[in-house]
Amino acid sequence: MTSSAKISVADRVLVVEDDCAVRAGLAESLRRDGWQVLCAETCGRARELAELTPKLVISDVRLPDGNGIELMRELKSRVPGTSILLLTAFGNVSQAVEAMRDGAFDYLQKPVPFAQLREAAKRVLNGGGPARVQDARQIAIVGQSPVLLDAIEKARQAATSDADILIEAESGTGKELLARLIHHESARRCQPFVAVNCAAVPESLLESELFGHIKGAFTGALASRIGSMAAADGGTLLLDEIGEMPLALQPKLLRALQEREVKRLGESCPQKVDIRVIATTNRSLLERVEEGAFRLDLYYRLNVIPLTLPSLKDRGEDVPLLAEHFLKSFRPEPRPRLSEGFVEGLRRHSWPGNVRELANLMRRIAVLCTKDEVGPDFLETIDRQEKAMPRIAPGVSLRDAERHLLEVTLRATDGNRTRAAELMGVSLRTIRNKIRDYGLPPRRYA
């Protein structure tokens, strides 16, 4: 902290986070900066600790017994002098805009480097204003491999125009980060960046998420809502995992992109929007077209400027740099050294989950490593995952092989469907459908 932001004994921070490792990491980092830290893993416990009038509350949006935004509204009324900083692992800028409008001091997307969190805390002490929503996440694409530098240079060239962009690359390579870089390098940098994950939003709600709705447009529409396309007016709209968009919704999206106008559900008059569209996919859209799952005319509308990102296995020289970068982000000081044996093990790994897999490993190390050096023993987790890959005998049917692979992957991820989707290079919706198609117990794979 600078001299203009000195912490007093009354400066308490309340960390509300149900993930034990994340909660412990945040608490330890804040304590090193001099804050008196209180911790809660539920909304209920946070309400109890709020009686101690913390100066800052750092809360996850998704909590076991409630929603961080609703908790924020309650705490703002009960403890008016408290600043609320919300964290989320799910990019939803329309939700961020709502949170900022309702009084959030800042809204940051996980994983948040502690330097960024420190700056937000410093603004609380100094009485400064909140950050702009579109600047809430630092853009750091780390690496020096020629294939990565070439991809970044092409992205920067694309940023100079307003043409729509299609990014095709494997899961976990950093497609959204590249999209944010393009937005940041463009003339739209001071306008909204709105992200919609077409695979994560339930099919029945995706149309409303994109176009919005008016009150009474359908059962449960108790209030009017602006859609993501309108929320991005003047800026950039990211359509993440566009290949998973329902076929029935694609004609309406195509028309909206061609006319650059949107019409909310239940509304008769369209609204003009000025947006740059960036679409991403972890599967070839042409293959989806051949499968009959994606419209060819929509593909051509999106694929004005095609971009890609290399997989981590093709960026061997970047692996140690990324490992150091993530460790520094998750644990600034004191930080253990990476042993030669550990780094060599990182180089040998195939990284099916790409950069996201490496980031998760380094986060685990940042929390669990109590030594001065990170040894090869920390690689046992990913070694076990590789050994768990199935050995399929010749002659096994494709369906049986796929089911076996899915079961093994779900076991390796402790039933985490999102993680399984990343490892298998498919969407979360595909994993859900396969679990249902193969009759796997849905409660086991939540």
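Our subject in this report is the structure included herewith.

Basis of the calculations
- Residues numbered from 1 in each chain as written.
- Predicted model: local features only at pLDDT ≥ 70, side-chain atom pairs only at ≥ 80, totals over all residues.
- Heavy atoms only, no water.
- Phe/Tyr/Trp six-rings, centres within 6.5 Å; stacked < 30°, edge-to-face > 60°.
- Helix = DSSP H or I, 4+ residues; strand = E, 2+ residues; numbered from the N terminus.
- Buried < 20%, exposed > 50% of the residue type's maximum accessible area, 1.4 Å probe, protein only.
- Pairing = 2+ DSSP bridges.
- Axes fitted to C-alpha atoms, helices over the stretch in contact; angles between N-to-C directions.
- Contact = heavy atoms within 4.5 Å.
- Expected span 1.5 Å × (residues − 1).
- Arc of directions from axis to C-beta.
- Polar contact = N/O pair within 3.5 Å; in protein donor to acceptor, adjacent residues only side chain to side chain.
- Right-handed = clockwise from strand over helix to strand, strands pointing away.
- Patch = residues over 30% accessible without salt bridge, like charges linked within 9 Å, V, L, I, M, F, W, Y side chains within 5 Å.
- Areas by Shrake-Rupley, 256 points an atom, 1.4 Å probe, with all protein chains shown as cover.
- Salt bridge = Lys/Arg side-chain N within 4 Å of Asp/Glu carboxyl O.
- Lys, Arg positive; Asp, Glu negative; His and termini not counted.

Under the defined criterion, the tally for this structure stands at two aromatic pairs. Measuring from ring centre to ring centre gives 6.1 Å for phenylalanine 326 and phenylalanine 330, while their planes differ by 10°; the resulting arrangement is stacked. Residue phenylalanine 326 and its partner phenylalanine 330 are both found in helix α13 (residues 319-330); the two are separated by four residues, about one turn of the helix. For the pair shown, phenylalanine 326 and phenylalanine 330 are each scored as buried.

As a further point, take the sheet that holds strand β16 (residues 305-307). Spatial strand order, β9-β12-β15-β8-β16: five strands in an open sheet with parallel pairing. Both outer strands of the open sheet, β9 (193-197) and β16, are each paired with one neighbouring strand and no more. Here the average twist between neighbouring strands, direction ignored, is 20°. Relative to strand β15 (residues 276-281), strand β12 (residues 236-240) is paired through four bridges, and the arrangement is parallel. Note on β15: the bridge partner recorded for leucine 239 is alanine 279. Helix α6 (residues 146-159) contacts β8 (165-168), β15 and β16 of the sheet and is inclined by roughly 155° relative to β16.

Once that is clear, we can look at helix α1 (residues 20-32). Its 13 residues give α1 an end-to-end C-alpha distance of 18 Å, which sits within 8% of 18 Å, the value for a rise of 1.5 Å per residue. Burial in α1 covers these residues: Val22, Arg23, Leu26, Ala27, Ser29 and Leu30. Along α1, the residues classed as buried sweep out an arc of 170° about the axis, all on the same side. The backbone nitrogen of alanine 21 has a side-chain oxygen 3.0 Å away, supplied by the residue at the start of α1, namely aspartate 19. Immediately beyond the C-terminal end of α1, within one or two residues, lies glycine 34, with a positive phi of roughly 100°.

Let us now look at the pairing of strand β2 (residues 36-40). Looking at chain direction, strand β1 (residues 12-16) and β2 are connected through five bridges and run parallel. Looking across to β2, one finds that leucine 14 is bridged to leucine 38. Remark: the β1/α1/β2 crossover connection has right-handed handedness.

On to the sheet that holds strand β7 (residues 106-109). With respect to topology, five strands assemble into an open sheet ordered β2-β1-β3-β6-β7, the strand pairing being parallel. The two strands at the open ends of the sheet, each matched to only one other strand, are β2 and β7. Taken pair by pair, the neighbouring strands of this sheet meet at an average axis angle of 20°, ignoring direction. Summarising the sheet, strand β6 (residues 83-88) and β7 pair through four bridges and their orientation is parallel. Opposite leucine 86, over in β7, you have tyrosine 107 as the bridge partner. Packing against the sheet, helix α3 (residues 68-78) makes contact with β1, β3 (56-60) and β6, and its axis sits at approximately 175° to β6.

So, about unusual backbone geometry. The residue arginine 260 is not glycine, and still its phi comes out positive at about 55°. If you trace the backbone, arginine 260 turns up in the loop between α10 (250-259) and β13 (261-262). Judged by its relative accessible area of 17%, arginine 260 is buried. In the Ramachandran plot, asparagine 354 falls in the positive-phi region, its phi being about 60° despite a non-glycine side chain.

Together, Leu286, Leu296 and Tyr300 make up a nonpolar patch on the protein surface, roughly 290 Å² of accessible area in all. Mapping leucine 296 onto the fold places it in helix α12 (residues 296-302). The class of leucine 296 is partly exposed, set by a relative accessible area of 39%.

In this section: the side chain of glutamate 241. With respect to the helices, strands and loops of the structure, glutamate 241 is situated in the loop between β12 and α10. Here glutamate 241 occupies a buried position and makes no salt bridge, while the nearest side chain of opposite charge, lysine 175, is found at 4.0 Å. One polar contact links the side chain of glutamate 241 to the main-chain amide nitrogen of asparagine 282, over a distance of 3.2 Å.

Turning next to the pattern of salt bridges. For the structure on display, the rule yields 23 salt bridges. Where salt bridges share partners, they join Glu244, Arg283, Arg288 and Glu291 into one cluster.

On to the pairing of β1, then. β1 sits mainly inside the fold: four of its five residues count as buried. In this sheet, β3 lies alongside β1 in parallel orientation, the contact comprising four bridges. Counterpart to valine 13 in the pairing with β3 is leucine 56.

Buried within helix α19 (residues 428-437) are the following residues: Leu428, Arg429, Thr430, Ile431 and Ile435. After α19 finishes, the residue glycine 439 shows a positive phi value of roughly 70°.

This part takes up the side chain of aspartate 164. Residue position: aspartate 164 is located in the loop between α6 and β8. Looking at aspartate 164, its side chain comes within polar contact range of the side chain of arginine 260, at 2.8 Å. Residue contacts for aspartate 164: discarding those within four places in its chain leaves Arg260, Arg276, Val277, Arg301, Leu302, Val304 and Ile305.

Let us look at the environment of leucine 166. Relative to the helices and strands, leucine 166 is located in strand β8. Here leucine 166 falls in the buried class, since its relative accessible area comes to 1%. For the pair leucine 166 and leucine 307, spaced 141 residues apart in sequence, the C-alpha separation works out to 6.1 Å.

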